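So you can see what is in the structure, the chains are spelled out below.
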Amino acid sequence: MRRRGPLTLAFIAGVAMIIQFFSPHPILRTVYTEALNWYRIISAFTFMLGLISLMRSHITKVTHKRAGWGYSIVTIVSFIVMTILGFTYGTGAGTPFDKMYEYVYAPLGATVFSLLAFYLASASFRAFRARNIDATILLVVAIIIMLGRVPVGSFIRWGRFSLPGLAEWIMAYPNMAAQRGLLIGIALGAICMSLKIILGIERSYLGRGG
Amino acid sequence: MAISHDPWVWAAALLTLAIYSFLYKDNPFYKFAEHLYIGVSVGYFLYFIIWQQIVVPLIYDPLKVLFISPFHTKELLIIPPLILSIMMLGRISPRHAWMSRWPMAYVMGMGAGLAIPAYFQTNIFKQIEGTIISIPPATIEIVSTYYLNKLLVLIIVTCVLLFFYFSREHKGALGRITILGRWFLMLGFGAAFGYTVMARVSLLIGRLDFLLHTWLGIH
């Protein structure tokens, strides 16, 4: 029962979602809306599960004074402060919560992602050593796209053709077509996996045990 | 040059520099900023996404109505997902972890059920529709750049799809087509890589612009 029950629930939920897609009946619309709300409520609790796990890990680190426990205090305190600011002042423009978002959360996020520019550059230097025709195509196209999107690229011209124009054409046609082929392949794979979940063939998400 | 006097701008600038200090090597400033980012983002997500957009409208408000009139039919629908959600928390204790299978099964089944028609519609039918070349009326010039490009798209999509066809050995004509498919895939990956690098570089420019203009006031 500990396995068969959840598998039956997955089957019913999956089939119900497929059926509702093909019918505009108001009852099925309501079922769809409610099912989505259930999904969001469960997602909220799943987030809470992750939060509990994160906090438990950091609190354990602090209480046992493990290496880097001081940084764990930073995580715990910043989480508590951000949450209290939200509950106390709300999220309107100019509130402390909004300031924390604008001057701490957003800059840190943008900086962490911009840091990847440096690592991508060094990784590409190693990966792009054109050893064969595949790597050469990758290298040439990446350079065209990068140069085509910076001001200096517009100075590179051959008659009525320009590098930004070539980059634009690659993005619009060959790249789009290759991505489309991938997209169709991914979709077929995802549909097969979904069918396996609904039919109870794929059950690794249930974990081990009885 | 007019350096900013806003403490928030100073905080953002120092945190930006703390993150960039990682380019030299891992250090306490970077670790501080990294842990601060985790804490703040979890707090932000908890209040702004979970509390304001899910807990209040979908749990708190219906429960309030149920508290006033316990047999309000629509609001009774809150009970099953709440039970499933509480079962999800069973994962905290290894002894009760089995309980979380029920909400997991619901989420997986529902996601799978939603994915099948959605993938068919958007990722298969629409993509094939976009690939098919419609033959124009006789008055329109067939051999135009537009149709050549459309023909190229059709060829590339076919080659890429055949590259993933493993039911026959990639030999002979099929082998040659799949090599072309691999080259087209490399082209797509190269374009995606170049595009990603430029997106990261634009973020970097944004941060440098903040440091130089907003913080240091250099124009």
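Residues numbered from 1 in each chain as written. Chains lettered and ligands numbered in written order. Predicted model: local features only at pLDDT ≥ 70, side-chain atom pairs only at ≥ 80, totals over all residues. Heavy atoms only, no water.

**A look at the overall build of chain A**
For chain A, the helix and strand inventory stands at seven helices and two strands. A compact globule built from 210 residues would reach a C-alpha radius of gyration of about 17 Å, whereas chain A, at 26 Å, exceeds it by more than 25%. By its C-alpha atoms, chain A is 70 × 50 × 40 Å across when sized along the principal axes. Summed over all atoms, the accessible surface of chain A reaches about 11,700 Å², with 70% contributed by carbon and sulfur. The centroid of the 20 positive side-chain charges in chain A is displaced by 12 Å from the centroid of its 6 negative side-chain charges. (Helix = DSSP H or I, 4+ residues; strand = E, 2+ residues; numbered from the N terminus. Rg over C-alpha atoms; globule rule 2.2 N^0.38 Å. Areas by Shrake-Rupley, 256 points an atom, 1.4 Å probe, with all protein chains shown as cover. Lys, Arg positive; Asp, Glu negative; His and termini not counted. Charge placed at Lys NZ, Arg CZ, Asp CG, Glu CD.)

**A short note on the domain arrangement of chain A**
Domain parsing of chain A yields domain 1 (1-65), domain 2 (67-127) and domain 3 (131-204). Each of domain 2 of chain A and domain 3 of chain A was reduced to a C-alpha centroid, and the two centroids are 31 Å apart. (Domains from an automatic or database assignment.)

**Quick look at a nonpolar patch on the surface**
Residues and elements named next belong to chain B. Residues Met1, Ile3, Trp10, Leu14, Leu17, Leu208, Leu212 and Ile218 make up a contiguous nonpolar surface patch of roughly 730 Å² in combined accessible area. Looking at the nonpolar patch, the elements that each hand over two or more residues are α1 (7-20) and α7 (172-215). For Leu208, the position within the fold is in helix α7. (Patch = residues over 30% accessible without salt bridge, like charges linked within 9 Å, V, L, I, M, F, W, Y side chains within 5 Å. Salt bridge = Lys/Arg side-chain N within 4 Å of Asp/Glu carboxyl O.)

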